[in-house]
Amino acid sequence: MKKILTYGTFDLLHYGHINLLQRAKALGDYLIVGLSTDEFNAVKGKQCYFPYDERRKMLEALRCVDLVIPENCWAQKESDIREFKVDVFVMGDDWKGKFDFLDKHCEVVYLPRTPEISTTQIKKDIVNKKN
Ligand code: C2G
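Residues numbered from 1 in each chain as written. Predicted model: local features only at pLDDT ≥ 70, side-chain atom pairs only at ≥ 80, totals over all residues. Heavy atoms only, no water.

Asker: I'm lost on the site of the ligand in this one. Help?
Answerer: The ligand sits among 21 residues. The nearest are Lys46, Glu71, Asp94, Thr114 and Ile117. Between a nitrogen atom of the ligand and a main-chain N or O atom of Ile117, the distance comes to 2.7 Å. Counting residues per element, the ones that place at least two in the shell around the ligand are strand S1 (3-8), helix H1 (15-25) and strand S4 (88-92). When residues of the shell around the ligand are assigned to their parent elements, the largest contribution, 3 residues, is made by H1. Split by residue class, the shell around the ligand holds 7 nonpolar, 8 polar and 6 charged. (Near = heavy atom within 4 Å. Polar contact = N/O pair within 3.5 Å; in protein donor to acceptor, adjacent residues only side chain to side chain. Helix = DSSP H or I, 4+ residues; strand = E, 2+ residues; numbered from the N terminus. Nonpolar A, V, L, I, M, F, W, Y, C, P; charged D, E, K, R; others polar.)

As structure tokens, this is what we get:
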């Protein structure tokens, strides 16, 4: 069984996230998502609309996601890769190069981001529509 691992905040889940998750799953048979906890998002400087449990529920409802684990810090990736015997680590290419150091443990793949959509953009559009 080829296991894939990716990480993210996945707030206000949108089709850019779904595109990434579906393409990641297509690289193997089992997709694990490390979901940023609310505490780790504070470290990342991200203010989430949905708390961790709601974001987790939405990801777990997706057919392409097999397991959701908490992402508590930047440094857990190597131990996660070892613990879950991950074959491929996947991230959107806004992270290109940032995780190459993981290639001693598994394949590292950066997938093109879906252009024009982001959680930040959604929030901005909602504010603008109100005004
Ligand atoms: N993504 C994408 N296209 C978009 C928006 C996001 O492909 N239009 C991808 C990102 O590249 C990332 C994943 O969807 O691979 C999740 O995006 P975020 O929730 O913004 O995650 P991020 O804040 O980048 O956290 O340790 C890694 C971090 O937890 C990644």
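Further notes follow.
Asker: Whenever I open this one, the environment of Asn41 confuses me. Can you help?
Answerer: Its place among the elements puts Asn41 in helix H2 (residues 38-44). Judged by its relative accessible area of 1%, Asn41 falls in the buried class. For the pair Asn41 and Gly8, spaced 33 residues apart in sequence, the C-alpha separation works out to 9.5 Å. Setting aside chain neighbours within four positions, we find Asn41 in contact with Thr9, Ser36, Lys46, Cys48 and Arg55. Reaching out from Asn41, the side chain makes a polar contact with the backbone oxygen of Ser36 at a distance of 3.5 Å. (Buried < 20%, exposed > 50% of the residue type's maximum accessible area, 1.4 Å probe, protein only. Contact = heavy atoms within 4.5 Å.)

Asker: What's the story with the nonpolar core in this structure? I'm lost.
Answerer: Nonpolar side chains in soluble globular proteins tend to be buried together. Core analysis: the largest hydrophobic core is formed by 18 residues, its most contacted members being Leu21, Leu31, Val33, Leu59, Val65 and Val90. Going through the elements one at a time, H1, strand S2 (30-36), helix H3 (52-60), S4 and strand S5 (107-111) are the ones with two or more residues in this core. Not counting residues up to four positions away in its chain, the partners in contact with Leu21 are Thr6, Phe10, Leu31, Val33, Leu59, Leu62, Cys64 and Val65. Counting 14 residues, the second largest nonpolar core, distinct from the first, contains Leu5, Ile32, Phe89 and Tyr110. (Core = buried A, V, L, I, M, F, W, Y, C linked by side-chain atoms within 4.5 Å.)

Asker: Help me out: how do you make sense of the packing of aromatic side chains in this one?
Answerer: The geometry of an aromatic ring pair is captured by two quantities: the separation of the ring centres and the angle between the planes. Within the structure shown, the criterion is met by 7 aromatic pairs. Ring geometry for Tyr7 against Phe89: centres 6.0 Å apart, planes inclined by 40 degrees, an arrangement best described as tilted. Of the two residues, Tyr7 sits in strand S1 while Phe89 sits in strand S4, which places them 82 residues apart along the sequence. Each member of the pair, Tyr7 as well as Phe89, carries the same accessibility label: buried. Each ring, one from Trp95 and one from Phe99, has its centre 5.3 Å from the other, and the planes form 35 degrees; the classification is tilted. Among the aromatic side chains, those forming a connected cluster through ring pairs are Tyr7, Phe40, Trp74, Phe89, Trp95, Phe99 and Phe101. The aromatic ring of Tyr30 is capped on one face by Lys3, whose charged end is 5.5 Å from the ring centroid. When the ring centre of Tyr7 is taken as reference, the NZ or CZ atom of Lys77 above it lies at 4.8 Å. (Phe/Tyr/Trp six-rings, centres within 6.5 Å; stacked < 30°, edge-to-face > 60°. Lys NZ or Arg CZ within 6 Å of the ring centre and 35° of its normal.)

Asker: For this particular structure, what's the right way to read unusual backbone geometry?
Answerer: Trans peptide bonds make up the majority, and among non-glycine residues the majority have a negative phi. The phi torsion at Leu12 lies on the positive side, around 50 degrees, for a residue other than glycine. Tracing the sequence through the fold places Leu12 in the loop between S1 and H1. Looking at Leu12, the relative accessible area reads 17%, which means it is buried.

Purely spatial values, then, with no claim about function.
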